[in-house]
Amino acid sequence: MVGTSGLRVTRIGLGTSTWGMGTELAEASTILTDFIGAGGTLIDVSPTYANGMAEEMLGDLLRTRAPRPDLVISSCAGVNPDLPIGQRVDCSRRSLIAQLDATLHSLGTDYLDLWSVGYWDDRTPPYEVADTLDYAVRTGRVRYAGVRGYSGWQLAVTHAASNHAAAAARPIVVAQNEYSLLVRRAEEELLPATQHLGVGFFAGAPLGQGVLTAKYRSEIPQDSRAASSERDAEVQGYLDGRSHTIVDALDTAARGLGLSPAVTATTWVRDRPGVTSVIVGARTPAQLQQLLKAEDVVLPSPITKALDDVSL
């Protein structure tokens, strides 16, 4: 269950951020088929992933390979990466609804199960954002509404605005943000806020851009998705002394359990208090099969505590 709503999702969701940017359609088809075959339902997509290619690829697969009614498709709006820096965030009613309609067209579907505002916009009043989310639900384009990338106070004011809108029965049901052994800032304010408000939480980037797979300990492999200049810059932000200490501890724990570091890190996030689902991004079918092993894993309490301590 997602927060206090009736929305049901699997504890592991499938991210599509590499689709169209390292993952081709044939691989994406296998990944989606394998995920559904393993009982997965939550699919995370965004118009910002690969400049919209991820949405188009998922749309192709929904028309030909995937049972749409069985899936929970989550997307967002409010950010346009094609615009100049400083102008990319626009969460006005006009921009949000235009992006929503474009997403529905790309996916070839009449509705989204979950639609979120993708970024906090200082120039748009929270009431307008909340009212736009409510409008999308009332018009049948969206079943549930959420937010992505919000801090705790931003979630709180938008949630309060939604409860002052015309239909308080359709509040925000979920917040999504980055959360991993490397990035735990959600614990400071966002996770307490979601638990207080009865809002679910989707944990994104549980492997810290791949750093928690332990494959970047000495250098970035040339065949990895971080080998491009853009991805290299993202990964380098996670490669400091603290991260090396955490990865070493994670690798030691994983070896002792007979697991991979990726599965161990994913399981740690999945079982954190307040986490509804963890969004995993598999670039290849083999990576997905590895991550799905987390479904059958429960970390021993001493291991969980050791990883807690080393990553604080």
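Higher on the page you've got the structure.
> How should the overall build of the protein be read in this particular structure?
Across its full length, the protein holds 11 helices and eight strands. Here the C-alpha atoms of the protein give a radius of gyration of 19 Å, agreeing with the 20 Å that 2.2 N^0.38 yields for 312 residues. Along the longest, intermediate and shortest principal axes, the C-alpha atoms of the protein span 55 × 40 × 40 Å. Taken across its 312 residues, the protein has 54% of its residues classed as buried. The contacts in the protein between residues at least 6 apart in sequence include a share of 78% that link residues at least 24 apart. Mean positive and mean negative side-chain charge positions of the protein (27 and 35 charges, respectively) differ by 3 Å.

> Could you clarify how one ought to interpret the layout of surface pockets in this entry?
One way to see where empty space is left: roll a probe the size of a water molecule over the atoms. One number sums up the size of the second largest pocket: a volume of about 260 Å³. Pro47, Val79, Asn80, Pro81 and Gln99 are the residues nearest the centre of the second largest pocket, which is lined by 16 residues in total. In terms of residue class, the lining of the second largest pocket is built from five nonpolar, seven polar and four charged.

> What is the right way to read helix α5 (residues 152-163) from this model?
An α-helix turns once every 3.6 residues. As a result, residues three or four positions apart point the same way. For α5, spanning 12 residues, the distance from its first C-alpha to its last is 17 Å, which sits close to the expected 16 Å at 1.5 Å a residue. Three or more residues of α5 are buried, namely Gly152, Gln154, Leu155, Thr158, His159, Ala161 and Ser162. Residues of α5 that are buried sit in contact with α4 (126-138), β5 (142-148), β6 (172-178) and α6 (190-197).

> Sorry, what's going on with the sheet that holds strand β8 (residues 277-281) here?
Either a parallel or an antiparallel arrangement is found when strands of a sheet pair, and the pairing is made through backbone hydrogen bonds. Pairing is parallel in the closed barrel, where eight strands are placed in the order β1-β2-β3-β4-β5-β6-β7-β8. Each strand axis lies, on average, 30° off the axis of its neighbour in the sheet, ignoring direction. In this structure, β6 lies alongside strand β7 (residues 200-204), joined through five bridges in parallel fashion. Within β7, the residue paired with asparagine 177 across the bridge is alanine 203. Strand contacts of helix α3 (residues 93-107): β3 (72-77), β4 (112-117) and β5, with the helix running at about 145° to β4, the strand carrying the most contacts. Seen against the sheet, α6 touches β6 and β7 and runs at an angle of roughly 150° to β7.

> In this structure, what is going on with helix α11 (residues 301-311)? I would like to understand it.
Leu307, Asp308 and Ser311 are the residues of α11 that are buried. For α11, the angular spread of buried residues about the axis comes to 105°, placing them on one side. Structural note: α11 exposes Ser301, Pro302 and Lys305 on the side pointing more than 90 degrees away from its buried face. In the core, the buried residues of α11 are packed alongside α8 (241-257) and α9 (261-270).

> What am I meant to see in the pairing of strand β1 (residues 12-15) here?
Walk down a regular strand and you will see the side chains alternate between the two sheet faces. A two-sided burial pattern is seen for β1, the buried positions comprising Ile12 and Leu14 on one face and Gly13 and Gly15 on the other. Taken together, the four bridges between β1 and β8 define a ladder with parallel strand orientation. Bridge pairing in β8 links isoleucine 12 to valine 278. What joins β1 to strand β2 (residues 42-44) is helix α1 (residues 25-37), and the crossover it makes is right-handed.

> Would you mind going over the packing of aromatic side chains with me for this structure?
To describe a pair of aromatic rings, one takes the distance between the centres and the angle between the planes. Scanning the model with the defined rule gives four aromatic pairs in all. Ring centres of tyrosine 179 and tryptophan 268 lie 5.9 Å apart, and the angle between their planes is 50°; this geometry places the pair in the tilted category. Note that tyrosine 179 is positioned in the loop between β6 and α6 and tryptophan 268 in helix α9, a separation of 89 residues in sequence. Judged by its relative accessible area of 1%, tyrosine 179 is buried. Here a set of aromatic residues connected by ring pairs shows up, and it is made of Trp120, Tyr150 and Trp153. The positively charged end of arginine 68 is found above the aromatic ring belonging to tyrosine 111, 4.2 Å away from the centroid.

> Just to check I follow, could you spell out the state of the cysteines for this structure?
Inspection of every chain in the model, using the stated rule, returns zero disulfides. Here cysteine 76 stays free of any disulfide, with the sulfur of cysteine 91 as its closest cysteine sulfur at 9.5 Å. Looking at cysteine 76, the relative accessible area reads 7%, which means it is buried. For cysteine 91, a relative accessible area of 0% gives the class buried.

> Before we go on, may I ask you to explain the packing of α4 against α5 in this structure?
How two helices pack is summed up by the angle between their axes together with the distance between the axes. Between α4 and α5, the shortest axis-to-axis distance is 8 Å and the interhelical angle comes to 60°. Compared by their axis directions, α4 and α5 come out oblique. Once α4 is placed against α5, the crossing between them reads as right-handed. For the pair α4 and α5, the contacting residues are Pro126, Tyr127, Val129 and Ala130 in the first and Val157, Thr158, Ala161 and Ser162 in the second. Considered class by class, the residues forming the contact of α4 with α5 number six nonpolar, two polar and no charged.

Cut-offs used in this document
Residues numbered from 1 in each chain as written. Predicted model: local features only at pLDDT ≥ 70, side-chain atom pairs only at ≥ 80, totals over all residues. Heavy atoms only, no water. Helix = DSSP H or I, 4+ residues; strand = E, 2+ residues; numbered from the N terminus. Rg over C-alpha atoms; globule rule 2.2 N^0.38 Å. Buried < 20%, exposed > 50% of the residue type's maximum accessible area, 1.4 Å probe, protein only. Contact = heavy atoms within 4.5 Å. Lys, Arg positive; Asp, Glu negative; His and termini not counted. Charge placed at Lys NZ, Arg CZ, Asp CG, Glu CD. 1 Å grid on protein atoms, 1.4 Å probe; cavity = no way out; pocket = protein on both sides within 12 Å on 5 of 7 lines; lining within 4 Å. Points joined across faces, edges and corners; volume = space filled by probe spheres on them. Nonpolar A, V, L, I, M, F, W, Y, C, P; charged D, E, K, R; others polar. Expected span 1.5 Å × (residues − 1). Pairing = 2+ DSSP bridges. Axes fitted to C-alpha atoms, helices over the stretch in contact; angles between N-to-C directions. Arc of directions from axis to C-beta. Right-handed = clockwise from strand over helix to strand, strands pointing away. Phe/Tyr/Trp six-rings, centres within 6.5 Å; stacked < 30°, edge-to-face > 60°. Lys NZ or Arg CZ within 6 Å of the ring centre and 35° of its normal. Disulfide = S-S within 2.5 Å. Parallel < 35°, antiparallel > 145°, perpendicular 65-115°, else oblique. Left-handed = near helix turned anticlockwise from the far one by under 90°.

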